[in-house]
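So you can see what is in the structure, the chains are spelled out below.
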Amino acid sequence: MTAKRTMQAKGAQARGSLKEAAGRATGNRRMQAEGHAEKTAGRSLDAAQKTEHAMRGH
């Protein structure tokens, strides 16, 4: 897992969490949904990197 990809994944998760919380606080369902989607995309990228790392046998 490269450090750059890891940081991208963690950053997307953090941004998504913030957007989701802001959307929930303001009652903005669209922002809340965008945040949830971004957080999920970050988790997916993180999982893909972990799988790739495991497949290499490291």
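Before any of the text, the structure's been laid out above.
Here the structure is a predicted model, which means the values were calculated and not measured. (Residues numbered from 1 in each chain as written. Predicted model: local features only at pLDDT ≥ 70, side-chain atom pairs only at ≥ 80, totals over all residues. Heavy atoms only, no water.)

(A) The pattern of salt bridges, seen in detail. Per the counting criterion, the structure on display carries eight salt bridges. The closest approach of N and O atoms between K10 and D46, which form a salt bridge, is 3.3 Å. Of this pair, K10 sits in helix α1 (residues 3-26) while D46 sits in helix α2 (residues 29-56); the two residues are 36 residues apart in sequence, bridging distant segments of the chain. When its relative accessible area of 41% is taken as the criterion, K10 is described as partly exposed. Take D46: its relative accessible area is 8%, and that puts it in the buried class. Residue R15 is joined to E38 by a salt bridge in which the shortest nitrogen-to-oxygen separation is 2.8 Å. With R15 in helix α1 and E38 in helix α2, this pair connects stretches of sequence that are 23 residues apart. Residues joined by salt bridges that share partners form a network here, namely K10, D46 and K50. (Salt bridge = Lys/Arg side-chain N within 4 Å of Asp/Glu carboxyl O. Helix = DSSP H or I, 4+ residues; strand = E, 2+ residues; numbered from the N terminus. Buried < 20%, exposed > 50% of the residue type's maximum accessible area, 1.4 Å probe, protein only.)

Any functional reading would require information that these geometric values do not contain.
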